[in-house]
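Here is how the chains run, residue by residue.
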Amino acid sequence: MSKEDMINEIDKSIDEEILIDEKRQPESDVKTSIGAKLYYCRKVLHFTRKEMADIFEISPSTLSNYEKDVSSPPLKLLLIYAKYFEIPMEDFVDDFLSLEEFTVKYCIFHFIKFKTMYKIAHKK
C-alpha cells in the first residue's frame, strides 16, 4: 500500500467517524424551546388554549404563536408564568433542559394544585 493510499484510507475513516459522531448527539445537546414548555404546562393541566390565555390575559392566538415558537413571549409574560407555576424562570428559558427533564422536575403532581386553585377561583 502506497503512502497516498494510506493517507486516503485514514481520511476516509476519519470522515466516517465524524458522521457517526454527528448522528450520536448526547441528550444534553437536544434543545427544548420555551414554546414546548409552555405547551406542556397547559396540556398537563388539561386547559384549553382559551382558559390558559384568559389566566395570562392574552389572546388564544397569541398563546398559540408562543407555544408553536412562531413568536417569543415577552420576558414579563415568562416571569408571570414562572411565578404562577412556581417554576424558576431559568428552567423555561434554558434550551438545554429537555422536556423530559422538565417533566420530571415539575411532574404532574406539581400541577394538580394549580388546576384545583383554578377551579376554586373560577368556581368550576
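Here is a short report on the structure shown in this document. (Residues numbered from 1 in each chain as written. Predicted model: local features only at pLDDT ≥ 70, side-chain atom pairs only at ≥ 80, totals over all residues. Heavy atoms only, no water.)

Points about the overall build of the chain
Here is step 1: Secondary structure assignment for the chain yields eight helices and zero strands.
Here is step 2: Mapped from its N terminus to its C terminus, the chain presents α and β elements in the order α-α-α-α-α-α-α-α.
Here is step 3: Per-residue burial over the chain gives 29% buried out of 124 residues.
Here is step 4: Long-range contacts, defined as pairs at least 24 residues apart, comprise 63% of the intrachain contacts of the chain with a sequence gap of at least 6.
Here is step 5: Surface exposure of the chain reaches about 8500 Å², of which carbon and sulfur atoms provide 59%. (Helix = DSSP H or I, 4+ residues; strand = E, 2+ residues; numbered from the N terminus. Buried < 20%, exposed > 50% of the residue type's maximum accessible area, 1.4 Å probe, protein only. Contact = heavy atoms within 4.5 Å. Areas by Shrake-Rupley, 256 points an atom, 1.4 Å probe, with all protein chains shown as cover.)

Examining the pattern of salt bridges
Here is step 1: As enumerated under the stated definition, the model contains three salt bridges in all.
Here is step 2: A salt bridge links arginine 49 to glutamate 67, with the nearest nitrogen and oxygen atoms 3.1 Å apart. In this pair, arginine 49 is assigned in helix 3 (residues 49-55) and glutamate 67 in helix 4 (residues 60-67), connecting sequence segments 18 residues apart.
Here is step 3: For glutamate 67, a relative accessible area of 7% gives the class buried.
Here is step 4: With a shortest N-O distance of 3.1 Å, lysine 50 and aspartate 54 are connected by a salt bridge. Separated by four residues within a single helix, lysine 50 and aspartate 54 lie in helix 3, roughly one turn from each other.
Here is step 5: By relative accessible area, which is 45% here, aspartate 54 ends up partly exposed.
Here is step 6: Through salt bridges with shared partners, a single network forms among Arg42, Arg49 and Glu67. (Salt bridge = Lys/Arg side-chain N within 4 Å of Asp/Glu carboxyl O.)

A look at the packing of helix 2 (residues 34-44) against helix 4
In a packed pair of helices, the relevant descriptors are the angle between the two axes and the axis-to-axis distance.
Here is step 1: Where helix 2 contacts helix 4, the axes come no closer than 7 Å and their chain directions differ by 125°. Between helix 2 and helix 4, the interaxial angle falls into the category oblique. Facing Gly35, Ala36, Leu38, Tyr39 and Arg42 of helix 2, the residues of helix 4 in contact are Leu63, Tyr66 and Glu67.
Here is step 2: Classifying every residue of the contact of helix 2 with helix 4 by side-chain character gives five nonpolar, one polar and two charged. (Axes fitted to C-alpha atoms, helices over the stretch in contact; angles between N-to-C directions. Parallel < 35°, antiparallel > 145°, perpendicular 65-115°, else oblique. Nonpolar A, V, L, I, M, F, W, Y, C, P; charged D, E, K, R; others polar.)

Some remarks on a negative patch on the surface
Here is step 1: The grouping of Glu90, Asp94, Asp95, Glu100 and Glu101 at the surface amounts to a negative patch.
Here is step 2: Considering the arrangement of structural elements, one finds aspartate 94 in the loop between helix 6 (89-93) and helix 7 (99-105). (Patch = residues over 30% accessible without salt bridge, like charges linked within 9 Å, V, L, I, M, F, W, Y side chains within 5 Å. Lys, Arg positive; Asp, Glu negative; His and termini not counted. Charge placed at Lys NZ, Arg CZ, Asp CG, Glu CD.)

Everything listed here is a matter of coordinates, which is why it stays silent on function.
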